[in-house]
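What the coordinates show
So you can see what is in the structure, the chains are spelled out below.
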Amino acid sequence: MARSTNATRKDLVFPVAGHFMLVPYTAAGVPNFNKAYSSAHGIVQTISRDNALNTLDLADGNSPYPAATYVQTQSGTVTYTLGTYDPELEAFVAGADWSNGDAADTEMWTIYPLTIDSVNKGVTFEEGSAKPISAEKMVVRDGFGNIFELAESADSLTTGQFHYDSSTGKLTFAVADVNVTVYVLYAYNGTGVSSVAYKENPKITAFMAIIIGSTKDKDEASEQKVNVIVDRCSVSGSITPPTSSNDPTQGWTLTTNILKPRAGRSPITVKFEPVAEE
């Protein structure tokens, strides 16, 4: 048999992490590529996979060695280490509802620091600039943590009181509190809000994973396109987005379990395509 001129080298290295696609299945068990997730817009640091054969030994009472070894189960994982956070990915793997800029619930909360001045004795929030929804969804505290009391009217306010008029956006304090710094925590109606809404009764979401990467030989004389196709997998363990801190480089890790494939399919397929030399 003639030797293939496109034979894959045996001394390959992975020069980049690559990217991945996660493809959900329809109710009929068919991959729905129209709803596939892609990591192409994020930062992927590493992609690693492992596969294990879990075995049982047939003991031999006349030998220190087992008479035979049988494969009982096959298992494996694919782990993705990501440098950036994508809320769509969190929604996908958690089986949550993803609203991309069109969330029905637009209520957002913010903190507004304010030093009460002698002229305005407060602040007026304009329309379109995070205007508070109502006084009922507003908390005012001073620097010592003292909570200000909501008054029914802006007239005759006393120390430690405030009034908010939702029609005009005017937040007013007492003359006695001039020069006091307060922190106003309140809800407003956001614009273009996206959301990840977890389900009350979640279930495990199975999906296809397609890893898209490349390899080179150790001397970088040849290059291959690489696809790793996991027919069915699901999230393993916790879904833990990056920690909020002053270090934006922490990233997060997502691990998926390799599941039983569809009938007639391989659980994992790895493909290499030579890149033509220029």
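This structure is a prediction, so every number in the text was calculated from the model and none was measured.

About the thresholds
Residues numbered from 1 in each chain as written. Predicted model: local features only at pLDDT ≥ 70, side-chain atom pairs only at ≥ 80, totals over all residues. Heavy atoms only, no water. Helix = DSSP H or I, 4+ residues; strand = E, 2+ residues; numbered from the N terminus. Rg over C-alpha atoms; globule rule 2.2 N^0.38 Å. Buried < 20%, exposed > 50% of the residue type's maximum accessible area, 1.4 Å probe, protein only. Contact = heavy atoms within 4.5 Å. Pairing = 2+ DSSP bridges. Axes fitted to C-alpha atoms, helices over the stretch in contact; angles between N-to-C directions. Phe/Tyr/Trp six-rings, centres within 6.5 Å; stacked < 30°, edge-to-face > 60°.

This part is about the overall build of the protein chain. Looking only at helices and strands, the protein chain features one helix and 18 strands. Taking 19 Å as the expected radius of gyration for a compact globule of 278 residues, we find that the protein chain reaches 29 Å, considerably beyond that expectation. In the protein chain, which comprises 278 residues, the proportion classed as buried is 31%. Relative to all contacts within the protein chain whose residues are 6 or more apart in sequence, the contacts with residues 24 or more apart total 69%.

A few words on the sheet that holds strand β9 (residues 138–142). With respect to topology, three strands assemble into an open sheet ordered β7-β13-β9, the strand pairing being antiparallel. Either end of the sheet is taken by a strand with one partner, and the two such strands are β7 (107–115) and β9. Mean inter-strand twist for the sheet, computed between neighbouring axes without regard to direction, equals 20°.

Our focus in this paragraph is the sheet that holds strand β12 (residues 170–173). Sheet architecture is open: four strands sit in the order β8-β12-β11-β10, paired in mixed fashion. Taken across any chain shown, the strands that pair with only one partner, and hence form the sheet edges, are β8 (122–124) and β10 (149–150). In this sheet, β12 lies alongside strand β11 (residues 161–165) in antiparallel orientation, the contact comprising four bridges. Its bridge partner lying in β12, D165 is registered against K170.

The subject of this paragraph is the pairing of strand β15 (residues 207–217). Judged by how many residues are buried, β15 sits mostly within the fold: eight of eleven residues are covered. Looking at chain direction, strand β1 (residues 12–13) and β15 are connected through two bridges and run antiparallel. Considered in β15, the bridge of V13 is made with K216. Direction of pairing for strand β2 (residues 19–24) relative to β15: antiparallel, over a ladder of six bridges. What sits directly across from H19, in β15, is I212. As judged from the nine bridges shared by β15 and strand β16 (residues 223–235), these two strands associate in the antiparallel manner.

Inspection of every chain in the model, using the stated rule, returns nine aromatic pairs. Geometrically, the ring pair formed by F20 and Y37 is tilted, given 6.2 Å between the ring centres and 40° between the ring planes. With F20 in strand β2 and Y37 in strand β3 (residues 37–38), this residue pair connects regions lying 17 residues apart in the sequence. Given the relative accessible area of 1%, F20 is considered buried. With a centroid separation of 4.4 Å and an interplanar angle of 40°, the aromatic rings of F20 and Y80 are classed as tilted. Here F20 is found in strand β2, whereas its partner Y80 is found in strand β5 (residues 68–82), with 60 residues between them in sequence. Each member of the pair F20 and Y80 is classed as buried.

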